[in-house]
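For reference, the chains in residue letters:
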Amino acid sequence: TPVSVGPFTVVLLGDNGVGKSALASIFAGASDSMGSECELYGGEVFEQTITVDGERATVTLLDMWDSQDEGSWTQERCLQTGDAFIIVYAITDRSSFLHASELRIQLRREREADRTPIILVGNKCDLVRCREVSISEGRASAAVFDCKFIETSAAMQHNVWPLFEGIIRQLRLRRDSL
Ligand code: GDP
Ligand code: MG
């Protein structure tokens, strides 16, 4: 078996209630590996080794962002320690979408000139009748902010693995270009 790369640290960002922990628990429950989890700074940390395109990668996923805790030490740590970021909003909550854009701007400010992989995630796409943000708005926002985009449903387990695989592919591309 090929050696695994990483660990890569991937940080979940986004408003409270958009589904970050739901996404993290799907990641934590991956059955093809023995993951570990622990608590840190009032949040949770999950580690998994997963195979993407035939290559193993170890990912440490941080679920400790608290959107109420503006400017806190934990928020600072989150923004500084990520090798990659998953910015989540709920398609049923326009304000979470606007906050996702602000987070993108904040990241760009904190990590100037660095090509950190970022994926914008529109979660809760199962709630079609409560949709407040269209797919095309999500896509357009990602294009403006030069990041990838995907809609997911943690509840239906839709597109959640493509999300994590996508971030690993981006991390490898970045590694290979260094
Ligand atoms: P967090 O604050 O960002 O960690 O959000 P949580 O993961 O705690 O989710 C907040 C609420 O949204 C919970 O009641 C979840 O069950 C629900 N939720 C999360 N993801 C989805 C989803 O994809 N679809 C639906 N319908 N509900 C979801
Ligand atoms: Mg949570």
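Residues numbered from 1 in each chain as written. Chains lettered and ligands numbered in written order. Predicted model: local features only at pLDDT ≥ 70, side-chain atom pairs only at ≥ 80, totals over all residues. Heavy atoms only, no water.

(A) Structural context of the state of the cysteines. The final tally for this structure, using the stated rule, is 0 disulfides. Counting only cysteine sulfurs, Cys125 is the nearest neighbor of Cys130, a cysteine outside any disulfide, at a range of 13 Å. The thiol sulfur of Cys147 is not disulfide-bonded, and the nearest other cysteine sulfur, from Cys125, lies at 17 Å. With relative accessibility at 16%, the residue Cys147 sits in the buried group. (Disulfide = S-S within 2.5 Å. Buried < 20%, exposed > 50% of the residue type's maximum accessible area, 1.4 Å probe, protein only.)

(B) Local environment of the pairing of strand β6 (residues 118-123). Of all 6 residues in β6, 6 are buried, a share of seventy percent or more. The side-chain alternation of β6 yields two buried faces, one formed by Ile118, Leu120 and Gly122 and the other by Ile119, Val121 and Asn123. Examined bridge by bridge, strand β5 (residues 84-90) and β6 share 6 bridges and lie parallel to one another. Considered in β6, the bridge of Phe85 is made with Ile118. Sheet topology places β6 next to strand β7 (residues 148-151); 4 bridges connect them, and they run parallel. The residue bridging Val121 from the neighbouring strand is Ile150, located in β7. (Helix = DSSP H or I, 4+ residues; strand = E, 2+ residues; numbered from the N terminus. Pairing = 2+ DSSP bridges.)

(C) The packing of aromatic side chains, seen in detail. Going through the model one piece at a time under the given rule, you end up with 4 aromatic pairs. With a centroid separation of 5.6 Å and an interplanar angle of 55°, the aromatic rings of Trp161 and Phe164 are classed as tilted. With Trp161 and Phe164 both in helix α5 (residues 160-176) and 3 residues apart, the pair spans about one turn of that helix. These aromatic residues form a ring-pair network of at least three members: Phe27, Trp161 and Phe164. (Phe/Tyr/Trp six-rings, centres within 6.5 Å; stacked < 30°, edge-to-face > 60°.)

(D) Representation of the site of ligand 1 within the structure. As a matter of local geometry, ligand 1 sits amid 15 residues, with Gly17, Lys20, Ala22, Asp126 and Ala154 nearest to it. Here a nitrogen atom of ligand 1 and a side-chain polar atom of Asp126 are 2.7 Å apart. Ala155 is positioned with one of its backbone polar atoms (N or O) 3.1 Å from an oxygen atom of ligand 1. No other element matches the 3 residues that helix α1 (residues 20-28) contributes to the shell around ligand 1. Here the residues of the shell around ligand 1 are counted per class, giving 5 nonpolar, 6 polar and 4 charged. (Near = heavy atom within 4 Å. Polar contact = N/O pair within 3.5 Å; in protein donor to acceptor, adjacent residues only side chain to side chain. Nonpolar A, V, L, I, M, F, W, Y, C, P; charged D, E, K, R; others polar.)

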